[in-house]
Amino acid sequence: MTIQRTLSIIKPDATSRNIIGKIIDRFESNGLKVVAGKLIHMDQDKAAGFYAEHDGKPFFANLVEYMTSAPVFVQVLEGENAILKNRDLMGATNPSEAESGTIRADFAETIDANAVHGSDSFDSAKREIDYFFSEKEILTFPAKNLLTFFKNHQLINIKLEEVFLNLFHNRGFYRHL
C-alpha cells in the first residue's frame, strides 16, 4: 500500500459549466481525499510556466489561452496509489476514446477541452503540487485516522502502537495517562 499525493486540475470547460462538485465527488467516492484546493484564474505567465515542458510545440499557445480563459480548480488528492487512481478515473485524453464512466467520457467536450488534468508520475506530481501550493496549504490528517486506517493490518498497527507507546514512555507522558 502506497499513500501518494497528486495534482488535479479541473479545467475551464468544467468550471464554466459548474460541475466542480460532480468531478470532486468522483475522486472522493473512489477513496481519494482532497487535502488542498483552491479556485484560481491563471494569468498567461502562470499557465505558460506550468506547461513550460510543452513550450515550442504547435499546441502550446492554444493551451495557454485555454487555461487562462476561465477559472480552474487546482487540488491535491491523497490516497492509495493516488497518481494511477487519478489517471484511471480521468480516462483517456481524448473523450471519444475514454472508457464509459470516466470523468472525461462523462464531462469532457473535446480533446482540448477535456475537463481535467492529472499528474502522470511521482516526479510530476511533486513538481506540480509545489507549483500551486505551499506546504502550509496542504492538510495532514491526524494520527488517530492513521491508526483506524491501518486497523486491518495487525502488524503495521502494532508497530504504530509501539512507536506511540515508546514516544509516551520516553517523554514521560505515561505518568499522566
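Everything below is about the structure shown above.
Procedures and definitions
- Here, residues in each chain are numbered from 1, in the same order as that chain's written sequence.
- In view of the model being predicted, local features appear only for residues whose pLDDT reaches at least 70, and side-chain atom pairs are presented and counted only at 80 or more, with totals across whole chains, interfaces and linings using the full set of residues.
- For side-chain calculations, the full set of non-hydrogen atoms in the structure is used, while hydrogens and water are omitted.
- Helix and strand definitions follow DSSP, with helices as H or I runs of at least four residues and strands as E runs of at least two, each counted in order from the N terminus.
- Any residue under 20% of the maximum accessible area for its type is buried, any over 50% is exposed, and the rest in between are partly exposed; the area is computed with a 1.4 Å probe on protein chains only.
- The criterion used for residue contact is that any of the two residues' heavy atoms lie within 4.5 Å.
- Criterion used throughout: strands pair if DSSP finds at least two bridges between them.
- With axes taken as lines fitted to C-alpha atoms, and helix axes fitted only over the stretch in contact, angles between N-to-C directions fall between 0 and 180 degrees.

A. Geometry of the overall build of the protein chain. Regarding its fold elements, the protein chain presents nine helices and four strands. Counting the 177 residues in the protein chain, one finds 38% classified as buried. Pairs at least 24 residues apart make up 76% of the contacts formed inside the protein chain by residues separated by at least 6 positions.

B. Structural detail: the sheet that holds strand S1 (residues 3-10). Spatially, the four strands line up as an open sheet ordered S2-S3-S1-S4, and their pairing is antiparallel. This sheet does not close on itself; its edge strands, each paired only once, are strand S2 (33-40) and strand S4 (116-118). Looking at each pair of strands side by side, their axes are set apart by 20° on average, direction ignored. Across seven bridges, the pairing between S2 and strand S3 (residues 72-80) is antiparallel. Of the residues in S3, the one forming a bridge with Leu39 is Phe73. Against the sheet, helix H5 (residues 82-90) contacts S1, S3 and S4, and its axis sits at roughly 35° relative to S1.

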